[in-house]
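# Working through the structure, step by step
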Amino acid sequence: MAPTATASLRKTLDGLPGVDQVGLEARAAGLGTRSIKTTSKQWAIDLAISMVDLTTLEGSDTPGKVRALANKAMRPDPTDPTCPSAAAVCVYPDMVAIAKDTLGDSGLNVASVATAFPSGRASLAVKLADTRDAVAAGADEIDMVIDRGAFLSGNIDLVFDEIVATKEACARPDGSHAHLKVIFETGELQTYDNVRKASWLAMMAGADFIKTSTGKVQPAATLPVTLVMLEAVRDFRDETGRQVGVKPAGGIRTSKDAIKYLVMVNEIVGDDWLDPDWFRFGASTLLNDLLMQRQKMLTGHYSGPDYVTLD
Amino acid sequence: MTRIDVRKTHKLYINGAFPRSESGRTYEALDAKGDFIANMAKASRKDARDAVLAARKAFGGWSTRTPYNRGQVIYRIAEVMEGRRDQFIAEILAGGTPPKRVAPCVDASIDRVVWYAGWADKYVQVLGNANAVSGPFFNLSTPEPTGVVAIIAPEAPLLGLVSVIAPAIATGNTVVVIATENHPVPAVTLAEIMATSDVPAGVVNILTGSAAEIAPWLASHMDVNGIDLAGVTDPALATELEVAAAENLKRVLRAPSGPADWLAEPTLARLEAFVETKTVWHPIGV
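As the structure is a prediction and not an experimental result, all values here were calculated from the model. (Residues numbered from 1 in each chain as written. Chains lettered and ligands numbered in written order. Predicted model: local features only at pLDDT ≥ 70, side-chain atom pairs only at ≥ 80, totals over all residues. Heavy atoms only, no water.)

Residue and element names in this part refer to chain A. Spatial ordering of the open sheet is given by β7-β6-β5-β4-β3-β2-β1-β8, a layout of eight strands whose pairing is parallel. Each having just a single partner strand, β7 (245–247) and β8 (281–283) make up the two edges of the open sheet. On average, adjacent strands in this sheet sit at an angle of 25 degrees to one another, irrespective of strand direction. Looking at chain direction, strand β3 (residues 109–113) and strand β4 (residues 141–145) are connected through three bridges and run parallel. Residue pairing for β4: S112 is matched across the bridge by I142. With respect to the sheet, helix α8 (residues 156–169) is in contact with β4 and β5 (179–183), its orientation differing from that of β5 by roughly 150 degrees. (Pairing = 2+ DSSP bridges. Helix = DSSP H or I, 4+ residues; strand = E, 2+ residues; numbered from the N terminus. Axes fitted to C-alpha atoms, helices over the stretch in contact; angles between N-to-C directions. Contact = heavy atoms within 4.5 Å.)

Okay, structure coming up:
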């Protein structure tokens, strides 16, 4: 690592303005009170469904469960052909081939977590092998975790280098790249300042997406954290011209929550990000609630869990 | 020195907590002379939805408790009611019930809860059966709870209310109750009793407000399994609710025809109303 690169990286990160915690939380709460009704709500629910990375990351995952999940991602509501499909299926690397096979040419992506998810506690060689494995199995997107220990102890060069190396490991033989999402595990980063720093760090290292959490640590995604990250991607595009996506993950369970996030995206970064290519929800139970709300809007009466799948 | 009244704004009872209506609406409960008693929360369809969610969440735990334990919990309700006897008497008096009928009504209400508490571990023996079949099998029918039951409570201030809630929860159902719009204060006190006795959160949810407004949403809710129309006096509304309930084949208990006599000794009818009979076959061994 050239010392000049390190110095300029540190300079940029140290030059970031601090986050006004009280103002940030008030702003996020304020945006959460917007009332989205009728046709706007219908539109928002369909958009949210199309942004879901339908996720299963359990030790008990089986090929059968992954196939069922992939089928659900393609046709979330089999009784209604107008229901949009989800954006992607998110699984562990060893399940990528099964998910890929089930999704076929549906156009849905397979996202794979990698780099010793969720803790990230392994040597770089193991993390890169994990990543190459997933890419070779056909993953379209790689969700990597940063080394929070290194980040918190100030060793940001190590974090930077790992992201760069993982990005290189995402390369396919034909010259294309699997999309790289970088997970910060914001629940472990302690402060909003750190979230802002980590966002810039990851984007400068080449992340295509920045993602809040693994879903394995509480608190997972929150509105204020996502707001900080949205501001970061907005400012980063203003500065460099490169657009980076945002993915809140974990803890988003209701349509109401999802719509709050969409309102925030629209207010902070605008239309450009209101698209599954640039904003995703990492979720599993959220999709069922979106489907129940969708059924409610279409039929005029409340639906129930008997009318969606058990995952 | 005269003391200034503590003016009350009562709230709903959902999932073991006392939230205001999501809609922020309130209405005034008036006494028989038309004077102000208290502000009541006026529940909206979303409060009803939240209540159903809470009731569904509570159903698994409540329905699988032993009948004996459910009986103990319901008996505990009666114990706490007994301690609030004077408060109930004052509230029902303010609602306009003739004074000499008030105390007997409160006593009957408490006794009614004890009565159903006693039945909690006995109704299975009476409603269930060992059926004789033409083969070497035990053939056993047992009643199981229906699920989430919506109840439109009758006008009779406290007695009517406990007479519809107690049997439904005694058999393991969880309930969403719309209290009578005109005399809702005893229902709020009952909610406070539910919160401070051993009834798990979500087993009983009590909404105040307009039944005509909320009941159709409960009747058409796909996650409600039964509806008790005890307090529906308008035949047009009753028909509307039954039609909506047909959508997911809810069990419907119609309002009694003519004025109901809640003081009369109850029968097993209400315990039988919200149970489903399960029949199992088992080979007879040696």
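Having seen the structure, we can now continue with the description.
Residues and elements named next belong to chain B. One way to put it is that helix α4 (residues 99–119) packs onto helix α6 (residues 159–170) with a least axis distance of 9 Å and a crossing angle of 5 degrees. The pairing of α4 with α6 is recorded here as roughly parallel in orientation. Two secondary-structure elements touch here, α4 through C105, A108, S109, R112, V113 and Y116 and α6 through L159, V162, S163, A166, P167 and A170. (Parallel < 35°, antiparallel > 145°, perpendicular 65-115°, else oblique.)

Moving on: the interface of chain B and chain A. Each side of the interface is counted separately: chain B has ten residues, and chain A has eleven residues. Buried area between chain B and chain A, both sides added, is near 990 Å², and the carbon and sulfur share of it is 53%. The largest contributions to the chain B side of the interface with chain A come from B:R49, B:W217 and B:M222, which together make up 47% of the buried area. Summed over the shared surface of chain B and chain A, the result is zero salt bridges. (Buried area = accessible area lost by both parts, 1.4 Å probe. Salt bridge = Lys/Arg side-chain N within 4 Å of Asp/Glu carboxyl O.)

A few words now on the environment of A:A137. Residue and element names in this part refer to chain A. Examined against the element boundaries, A137 turns out to sit in the loop between α6 (124–136) and β4. Residues A137 and V19, spaced 118 residues apart in sequence, show a C-alpha to C-alpha distance of 40 Å. Filtering out sequence-adjacent residues up to four positions away, A137 remains in contact with V96 and A97.

Before going further, it helps to examine the nonpolar core. Ranked by internal contacts, the top residues of the largest apolar core, which has 92 residues, are A:I210 and A:F281. Filtering out sequence-adjacent residues up to four positions away, A:I210 remains in contact with A:V182, A:F184, A:S199, A:A202, A:M203, A:M229, A:V233, A:V244, A:G245, A:V246 and A:K247. Judged by nonpolar contacts, the second largest core, of 54 residues, contains B:I74, B:I89, B:V102 and B:A117. (Core = buried A, V, L, I, M, F, W, Y, C linked by side-chain atoms within 4.5 Å. Buried < 20%, exposed > 50% of the residue type's maximum accessible area, 1.4 Å probe, protein only.)

Quick look at the packing of aromatic side chains now. Each aromatic ring pair is characterised by the separation of its centres together with the angle its planes make. Inspection of the entire model under this criterion finds nine aromatic pairs over all chains. Arranged with centres 5.4 Å apart and planes meeting at 90 degrees, the rings of A:F279 and A:F281 form a pair that is edge-to-face. Assigned by exposure class, A:F279 and A:F281 land together as buried. One aromatic cluster in this structure is built from A:Y261, A:F279 and A:F281. The ring of B:F59 carries the charged tip of B:R56 above its face, separated from the ring centre by 5.8 Å. (Phe/Tyr/Trp six-rings, centres within 6.5 Å; stacked < 30°, edge-to-face > 60°. Lys NZ or Arg CZ within 6 Å of the ring centre and 35° of its normal.)

This part covers the layout of surface pockets. Residue and element names in this part refer to chain B. What the second largest pocket holds in volume is close to 490 Å³. Lining the second largest pocket are 25 residues, with P154, E155, G231, V232 and T233 positioned closest to its centre. Along the lines of polarity and charge, the residues of the lining of the second largest pocket split into 16 nonpolar, six polar and three charged. (1 Å grid on protein atoms, 1.4 Å probe; cavity = no way out; pocket = protein on both sides within 12 Å on 5 of 7 lines; lining within 4 Å. Points joined across faces, edges and corners; volume = space filled by probe spheres on them. Nonpolar A, V, L, I, M, F, W, Y, C, P; charged D, E, K, R; others polar.)

Turning our eyes to something else, we now look at the pairing of β3(A). Residue and element names in this part refer to chain A. Among the five residues in β3, four count as buried, and that is most of the element. The pairing of strand β2 (residues 88–91) with β3 spans four bridges and is classified as parallel. Bridge pairing links A88 to N109 in β3. Handedness of the β-α-β unit built from β2, helix α5 (residues 96–103) and β3 comes out right-handed. A crossover connection joins β3 to the parallel β4 through α6; in handedness this β-α-β unit is right-handed. (Right-handed = clockwise from strand over helix to strand, strands pointing away.)

A few words now on the pattern of salt bridges. All names here are of chain A. Applying the stated rule across the entire model yields 33 salt bridges over all chains. For R121, the salt bridge identified is with D147, shortest N-O distance 2.9 Å. Highlighted residues: R121 in the loop between β3 and α6 and D147 in the loop between β4 and α7 (148–152), separated in sequence by 26 residues. Given the relative accessible area of 53%, R121 is considered exposed. By relative accessible area, which is 6% here, D147 ends up buried. One network of salt bridges, in which partners are shared, links D53, E141, D143, K181, K211, K247 and R280.

Before going further, it helps to examine empty space enclosed by the protein. All names here are of chain B. In total, this model carries three cavities of 30 Å³ or more according to the counting rule given. Of the volumes computed, that of the largest cavity is approximately 90 Å³. For the largest cavity, the lining is made up of 13 residues, of which I37, E91, G95, V185 and P186 are closest to its centre. When residues of the lining of the largest cavity are traced back to their parent elements, those giving at least two are β1 (26–30), α3 (85–94) and α7 (185–196). Sorting elements by how many residues they give to the lining of the largest cavity places α3 first, with three residues. Of the residues that constitute the lining of the largest cavity, the class distribution is nine nonpolar, three polar and one charged. Counted as a void, the second largest cavity has a volume near 40 Å³. Looking at the lining of the second largest cavity, the elements that each hand over two or more residues are α2 (67–83), α6 and α7. Element by element, the count of residues in the lining of the second largest cavity is highest for α6, at four residues. Along the lines of polarity and charge, the residues of the lining of the second largest cavity split into nine nonpolar, no polar and no charged.

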